[in-house]
Amino acid sequence: MTDQWRLLDVQAVDTRLDQIAHRRRTLPQIAELAALEGRATQLRDQVVGAQTLAGDLQRELTKAEADVELVRQRAARDQARLEAGQGGHKELESLQHEIATLQRRQSDLEDAELEVMERLETATAELERLSTEQASLQAQVDDVTAARRTQEEELDAERERLVQQRAGMVAGLDAPLLALYEKVREATGVGAAMLRSRRCEGCRLELNPQDIQRIRAAAPDEVVRCEECRRILVRTGESGL
Ligand SMILES: [Zn+2]
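Residues numbered from 1 in each chain as written. Predicted model: local features only at pLDDT ≥ 70, side-chain atom pairs only at ≥ 80, totals over all residues. Heavy atoms only, no water.

Student: Would you take a moment to explain the pattern of salt bridges for this structure?
Tutor: Pairs can form between side chains of opposite charge once their charged atoms are near each other. Tallied over the entire structure, the rule returns 27 salt bridges. One salt bridge connects Asp156 with Arg24, and the closest N-O pair in it is separated by 2.8 Å. One end of the pair, Asp156, is in helix 3 (residues 89-170); the other, Arg24, is in helix 1 (residues 2-25), and 132 residues separate them in sequence. For Asp156, a relative accessible area of 23% puts it in the partly exposed group. Taking the shortest distance from any N to any O, the salt bridge between Glu37 and Arg44 comes out at 3.2 Å. The exposure class of Glu37 is partly exposed, given its relative accessible area of 42%. The exposure class of Arg44 is partly exposed, given its relative accessible area of 42%. A single salt-bridge network, built from bridges that share partners, covers Asp14, Asp18, Arg166, Glu182 and Arg185. (Salt bridge = Lys/Arg side-chain N within 4 Å of Asp/Glu carboxyl O. Helix = DSSP H or I, 4+ residues; strand = E, 2+ residues; numbered from the N terminus. Buried < 20%, exposed > 50% of the residue type's maximum accessible area, 1.4 Å probe, protein only.)

Here's what the structure looks like:
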């Protein structure tokens, strides 16, 4: 009988251990970290995209600068020849014409260069923005990870205390009774339940008069079980027998 009462204490510890295990699996930080990791993956892709774009634009800018320089040098050469005044009238006229064409061309190329520079500035700013977001995201990940670790450590410490406490509780307990308890607990999650006011505390069902009669007739050390949920029913002064 005393062993059966002690079984209720063991059950209380096991219930708390189950709660701890469940809590550890479902810590809110686990979902938070998954969401942050999802955003981090997305950000890494965005950074690669932005870096590629900035690299392409940088090459485009270098080429645009070279184009402008080429035209500028040629115009300068023509200008020098024109100023030297060598060659015939027709030749000089042709030079003047070419210089005008080169100036228009240079102006167009400079406009194109400016446009690439602006796009590169935008791409660089976007890259900086993404990099700032990455840093702030990492700080969040660090915070949530630390919070999760704190929670886990608290739960692990409590579990450790309970496991030790439980070992002391089951030591000396009737072995077949404990084995039955473990078997039922494995099958239903709860091995032993108190019979309180004619109700099984395991399945919450009220026992019928025949079962009450049977339990009343059972010897105190006999192990009785709920007909509904098969849990070990522990009788106490509150059982209403
Ligand atoms: Zn029951």
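Student: Looking at this model, I keep getting lost on the coordination of the zinc ion. Mind explaining?
Tutor: Octahedral metals with six donors have ideal donor angles of 90 or 180 degrees. Tetrahedral metals with four donors have an ideal donor angle of 109.5 degrees. Of the protein atoms, only Cys200 (SG), Cys203 (SG), Cys226 (SG) and Cys229 (SG) coordinate the zinc ion, at distances of 2.2 to 2.3 Å. Classification of the site at the zinc ion rests on its four donor atoms, whose angles at the metal span 105 to 117°, yielding the label tetrahedral. Sequence positions of the residues that donate to the zinc ion give the spacing C-x2-C-x22-C-x2-C. Owing to a relative accessible area of 24%, Cys203 belongs among the partly exposed residues under this scheme. (Donors = N, O, S within 2.8 Å, 3.2 Å for Na, K, Ca; no water. Tetrahedral: all angles 85-135°; square planar, octahedral: opposite > 155°, others 65-115°.)

Student: Can you help me understand the nonpolar core in this one?
Tutor: Buried together is how nonpolar side chains tend to be arranged in soluble globular proteins. Counting 19 residues, the largest nonpolar core has Leu7, Val10, Leu178, Tyr181, Ala192 and Ile232 as its most contacted members. Setting aside residues up to four positions removed in sequence, Tyr181 forms contacts with Leu7, Val10, Gln11, Asp14, Arg166, Gly191, Ala192 and Ile232. Ranked by size, the runner-up nonpolar core spans 11 residues in total, among them Ala193, Ala218, Cys226 and Cys229. (Core = buried A, V, L, I, M, F, W, Y, C linked by side-chain atoms within 4.5 Å. Contact = heavy atoms within 4.5 Å.)

Student: Would you take a moment to explain the environment of Lys63 for this structure?
Tutor: With respect to the helices and strands, Lys63 occurs in helix 2 (residues 28-84). Owing to a relative accessible area of 53%, Lys63 belongs among the exposed residues under this scheme. For the pair formed by Lys63 and Glu222, sequence separation is 159 residues and the distance between their alpha carbons is 95 Å.

Student: Where do I start with the pairing of strand 4 (residues 232-235) in this structure?
Tutor: Along any regular strand the residues' side chains alternate between the sheet's two faces. Taking every second residue as pointing to the same face, both faces of strand 4 are buried, with Ile232 and Val234 on one and Leu233 and Arg235 on the other. Two successive antiparallel strands, strand 3 (residues 224-225) and strand 4, enclose a turn made up of six residues, where Arg230 displays a positive phi of approximately 65°. (Pairing = 2+ DSSP bridges.)

Student: Just to check I follow, could you spell out the sheet that holds strand 1 (residues 192-196) for this structure?
Tutor: Remark on secondary structure: sheet strands pair via backbone hydrogen bonds, oriented parallel or antiparallel. Pairing is mixed across the open sheet formed by four strands, whose spatial order is 2-1-4-3. Each end of this open sheet is capped by a strand with a single partner; those strands are strand 2 (199-200) and strand 3. Relative to strand 4, strand 3 runs antiparallel, the two being bridged by two bridges. The partner of Arg225 across the bridge, within strand 4, is Ile232.

Student: How should the packing of helix 1 against helix 4 (residues 175-188) be read in this particular structure?
Tutor: Packed helix pairs are specified by the crossing angle of their axes together with the interaxial distance, meaning the distance between the axes. Where helix 1 contacts helix 4, the axes come no closer than 11 Å and their chain directions differ by 35°. As for the relative orientation of helix 1 and helix 4, their crossing is right-handed in sense. From helix 1, Asp3, Gln4, Leu7, Val10, Gln11, Asp14 and Asp18 reach across to helix 4, where they touch Leu177, Leu178, Tyr181 and Arg185. Partitioning the contact of helix 1 with helix 4 into residue classes produces five nonpolar, two polar and four charged. (Axes fitted to C-alpha atoms, helices over the stretch in contact; angles between N-to-C directions. Left-handed = near helix turned anticlockwise from the far one by under 90°. Nonpolar A, V, L, I, M, F, W, Y, C, P; charged D, E, K, R; others polar.)

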